[in-house]
Amino acid sequence: MSNTLNITAEERVSKGKSNSRNLRNSNLIPAVIYGGTLEAQKIQLLEKDLVKATQTSGFSSQVLKINLDGKDQDVVLKELQLHPSSQKLIHADFLRVDPDTRITLTIPLHFINEDICAGVKVEGGVVSHLINNIEISCLASNLPEFIEVDVENLEIGDTLTLSQLKLGEGVEIPALALGENRDQAVVSVAEAKIIDIDPIEPEEIEGEEEGEEGEGEGEESEQTSSENLPTE
């Protein structure tokens, strides 16, 4: 796990869309914390604090600490809502957790050693990322920020699947429990596609242009000869 990220929040008393709009106009973001043994709590966060937090690596895949009324609550991000046009933050949902809580979360994959991959460096192939995030299940205390995918030894034609990933202690991929057909491909190495385009020689272009001009002259001579024919 990475160092815990801390965010300060305040209780949100007023409700309704107009209140949420007023909060955003005051550079505050409405949010909610739920789960665990406590009731759901409506909170508000400083927009600048939340924006800064989202820019931290692994923000959406780590346990966060929200300080509310002087008390810390361990949470994970469940949903972050953005405005459809401006893409500004407008709402956040957080789920309470404790170290012994088993949680299911989607985390990113980090692909490493692509520059020294055997299929690329020796055989001139190309690495293709088939998925970039996976859903995992583990104790909150064992939650990894990301899963590393090492492609160093992959050759052209090789593929790594979910079941071949190296996971941390107690980390599982729920999809694999649903059957072998859910063992999805993660990354592969294939031959680079080379498209040959035959260059057009200048002589061929000139020849085509001359041919077109010749056709035009022929048509013009035919029109002239028909105009000079005597009428009955």
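Note that the coordinates shown come from a computational prediction; the quantities given were computed from them, not determined experimentally.

*Asks:* What exactly am I supposed to notice about the sheet that holds strand 10 (residues 147-150) here?
*Replies:* Working definition: the strands of a sheet are paired by backbone hydrogen bonds and lie parallel or antiparallel to each other. With respect to topology, three strands assemble into an open sheet ordered 9-7-10, the strand pairing being mixed. Bordering the open sheet on either side are strand 9 (133-139) and strand 10, each of which pairs with just one other strand. On average, each strand axis in the sheet is inclined to that of its neighbour by 40°, with strand direction left out of account. Judged from the seven bridges that link them, strand 7 (residues 102-112) and strand 9 form a sheet pairing that is antiparallel. Within strand 9, the residue paired with Ile-103 across the bridge is Cys-138.

*Asks:* Any chance you could explain the sheet that holds strand 3 (residues 41-46) here in plain terms?
*Replies:* On the basis of which strands lie adjacent, the closed barrel formed by six strands has the order 1-3-2-6-5-4 and mixed pairing. Along the sheet, successive strands turn relative to each other by an average axial angle of 45°, direction set aside. Pairing between strand 4 (residues 64-68) and strand 5 (residues 71-82): five bridges, direction antiparallel. Within strand 5, the residue paired with Leu-68 across the bridge is Lys-71. Sitting on the sheet, helix 1 (residues 17-25) touches strand 2 (28-34), strand 3 and strand 6 (89-96), and the angle it makes with strand 2 is about 125°.

*Asks:* Sorry, what's going on with the confidence of the model for the chain here?
*Replies:* Per-residue confidence for the chain averages 85 on the pLDDT scale, and 81% of its residues sit at or above 70. Per-element mean pLDDT across the chain ranges from 51 in helix 4 (residues 202-227) up to 97 in strand 11 (residues 159-161). Contacts for the low-pLDDT stretch residues 217-232, under 50 throughout, to residues beyond four places or in other chains number zero contacts.

*Asks:* What should I look at first to understand helix 1 in this one?
*Replies:* An α-helix turns once per 3.6 residues; consequently, residues spaced three or four apart project the same way. Listing the buried residues of helix 1 in full gives Asn-19, Ser-20 and Leu-23. Take helix 1 and look down its axis: the buried residues cluster within an arc of 100°, on one side only. What points out from helix 1, more than 90 degrees from its buried face, is the exposed set Lys-17 and Asn-25. Tucked inside the fold, the buried residues of helix 1 contact strand 2 and strand 3. Downstream of helix 1 by a residue or two, Asn-27 has a phi angle that is positive, lying close to 65°.

*Asks:* When you look at the side chain of Asp-93 in this model, what are you seeing that I'm missing?
*Replies:* Within the secondary structure, Asp-93 sits in strand 6. For the buried Asp-93, no salt bridge exists, and the shortest N-O distance to an oppositely charged side chain is 7.3 Å, to Arg-12. Side-chain polar atoms of Asp-93 contact the side chain of His-91, separated by 3.2 Å. Each residue touching Asp-93, except ones within four places of it in the same chain, is listed here: Val-32, Tyr-34, Val-76, Leu-77, Lys-78 and Glu-79.

Parameters at a glance
- Residues numbered from 1 in each chain as written.
- Predicted model: local features only at pLDDT ≥ 70, side-chain atom pairs only at ≥ 80, totals over all residues.
- Heavy atoms only, no water.
- Pairing = 2+ DSSP bridges.
- Helix = DSSP H or I, 4+ residues; strand = E, 2+ residues; numbered from the N terminus.
- Axes fitted to C-alpha atoms, helices over the stretch in contact; angles between N-to-C directions.
- Contact = heavy atoms within 4.5 Å.
- pLDDT = per-residue confidence, 0-100.
- Buried < 20%, exposed > 50% of the residue type's maximum accessible area, 1.4 Å probe, protein only.
- Arc of directions from axis to C-beta.
- Lys, Arg positive; Asp, Glu negative; His and termini not counted.
- Salt bridge = Lys/Arg side-chain N within 4 Å of Asp/Glu carboxyl O.
- Polar contact = N/O pair within 3.5 Å; in protein donor to acceptor, adjacent residues only side chain to side chain.

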